[in-house]
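# Architecture and fold: a report
Here's the letter readout for the chains.
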Amino acid sequence: MSESRPTVRLGHLYPDHLNIYADRGNIAVFRRRLEWRGLALEVVETGLGDEIPADCNLYYLGGGQDRDQLLVAEDLVGKVAPLRQAADGGAVVLAVCGGYQLMGHSYVTADGKKMRGTSLLDLETAASHDRLIGDVVLSVNLDGHTNTVVGYENHAGRTRLGPGCTPFGRVDKGHGNNGQDGFEGALSGRRIGTYLHGPLLPKNPWLADILLRWALDHAGAAVELEPLDDTLEQAAHATAAARAGLKR
Ligand code: GLN
């Protein structure tokens, strides 16, 4: 740790290739929610050709177009060992949309290009010719509590989960993993993959704090996260839920 304040070390993978819909905004949320509590975030960015550090508490992959995803997939699969090692040791992984697809075993684009994934989550994705687009509302259970998570999806991929993971949420509004089974995203321990981006965390502070609590635990920093004044965040959450056609 480079600072004396309890610090979460975040590995941001492929910030130049996986950052559509301003997915980078999720990192700003992590930073501010830590700083408001006197804690700190340290970000290590790794791109094509860079080694992935094994000593991060939290890893983040954003969404990408198929073209960028192809470049990333070729680079990532051969060098994923430190990420797997960290995740096996309890580090948090949050992967969004294109990044989520790369957490699975494979992704096949609509024009038949097949990419291997990292197999960090037991799932497979194949793209269709039409896209699943729109506002989403989920019921998500984490750490024994169920809460509403709101977001936005835009993907051609249809994802099917294997027995090694469970869905991240149940779809109350929107399409989710494949538009058919009523579930969204994937969860295995502290690994979360989701199609929700745009960014996800500013309007879901509950989720941001759970991820931070897990990451701090992995960092060995036993700190209580004091509640923050989330009036604005809750207003954004309510607006997104209402826009999706669901009032809570
Ligand atoms: N290329 C993927 C798809 O369309 C992911 C797109 C994204 O990240 N929005 O399914």
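Values in this document were obtained by computation on a predicted structure and should not be read as measured data.

## Re the packing of aromatic side chains
Inspection of every chain in the model, using the stated rule, returns one aromatic pair. Judged by centre distance (5.0 Å) and plane angle (80°), the rings of tyrosine 100 and tyrosine 195 are edge-to-face. Note that tyrosine 100 is positioned in helix 4 (residues 98–103) and tyrosine 195 in the loop between strand 12 (191–194) and helix 5 (205–218), a separation of 95 residues in sequence.

## A look at the site of the ligand
Residues in close proximity to the ligand total 15 residues, the closest being Asp66, Gln69, Cys97, Gln101 and Gly157. Between the ligand and the protein, one listed contact pairs an oxygen atom with a backbone N or O atom of glycine 64 at 3.1 Å. The side chain of glutamine 69 places a nitrogen or oxygen atom 2.9 Å from a nitrogen atom of the ligand. Contact with the protein chains removes 98% of the 300 Å² of surface that the ligand exposes when unbound. At the level of secondary structure, the elements contributing two or more residues to the shell around the ligand comprise helix 2 (66–77), helix 4 and strand 8 (145–161). In terms of residue count, strand 8 provides more of the shell around the ligand than any other element does, four residues in total.

## Section: the sheet that holds strand 12
Pairing between sheet strands relies on hydrogen bonds along the backbone, with the strands arranged either parallel or antiparallel. Taking strand neighbours across the sheet as the criterion, the six strands line up as 2-1-3-4-12-11 in an open arrangement whose pairing is mixed. Edge positions in the sheet fall to strand 2 (40–46) and strand 11 (186–188), since each has one partner strand and no second. Strand after strand, the sheet turns through a mean of 15° between neighbouring axes, direction not considered. In the sheet, strand 4 (residues 92–96) pairs with strand 12 via four bridges, with the strands oriented parallel. Within the sheet, the bridge partner assigned to valine 93 lies in strand 12 and is arginine 191.

## Focus: the pattern of salt bridges
Taken as a whole and judged by the stated rule, the model has 14 salt bridges. One salt bridge connects aspartate 130 with arginine 158, and the closest N-O pair in it is separated by 3.0 Å. Of this pair, aspartate 130 sits in strand 7 (residues 123–142) while arginine 158 sits in strand 8; the two residues are 28 residues apart in sequence, bridging distant segments of the chain. Linking aspartate 172 and arginine 170 is a salt bridge whose minimum nitrogen-to-oxygen distance equals 2.9 Å. Residue aspartate 172 is classed as partly exposed on the basis of its relative accessible area of 23%. One network of salt bridges, with partners in common, ties together Arg33, Arg37, Asp209 and Asp230.

## Considering the environment of leucine 71
Note that leucine 71 resides in helix 2. According to the relative accessible area criterion, leucine 71 is partly exposed, its value standing at 39%. The spacing of leucine 71 and leucine 48 is 23 residues in sequence and 8.1 Å in space, taken between C-alpha atoms. With residues near it in sequence (within four places) discarded, leucine 71 still touches His17 and Leu48.

## Notes on the environment of cysteine 97
Relative to the helices and strands, cysteine 97 resides in the loop between strand 4 and helix 4. Along the primary structure cysteine 97 and glycine 198 are separated by 101 residues, whereas in three dimensions their C-alpha atoms are 10 Å apart. When residues no more than four places from it in sequence are discounted, the contact partners of cysteine 97 are Gly63, Asn154, His155, Thr194, Tyr195 and His197.

Parameters at a glance
Residues numbered from 1 in each chain as written. Predicted model: local features only at pLDDT ≥ 70, side-chain atom pairs only at ≥ 80, totals over all residues. Heavy atoms only, no water. Phe/Tyr/Trp six-rings, centres within 6.5 Å; stacked < 30°, edge-to-face > 60°. Helix = DSSP H or I, 4+ residues; strand = E, 2+ residues; numbered from the N terminus. Near = heavy atom within 4 Å. Polar contact = N/O pair within 3.5 Å; in protein donor to acceptor, adjacent residues only side chain to side chain. Areas by Shrake-Rupley, 256 points an atom, 1.4 Å probe, with all protein chains shown as cover. Pairing = 2+ DSSP bridges. Axes fitted to C-alpha atoms, helices over the stretch in contact; angles between N-to-C directions. Salt bridge = Lys/Arg side-chain N within 4 Å of Asp/Glu carboxyl O. Buried < 20%, exposed > 50% of the residue type's maximum accessible area, 1.4 Å probe, protein only. Contact = heavy atoms within 4.5 Å.

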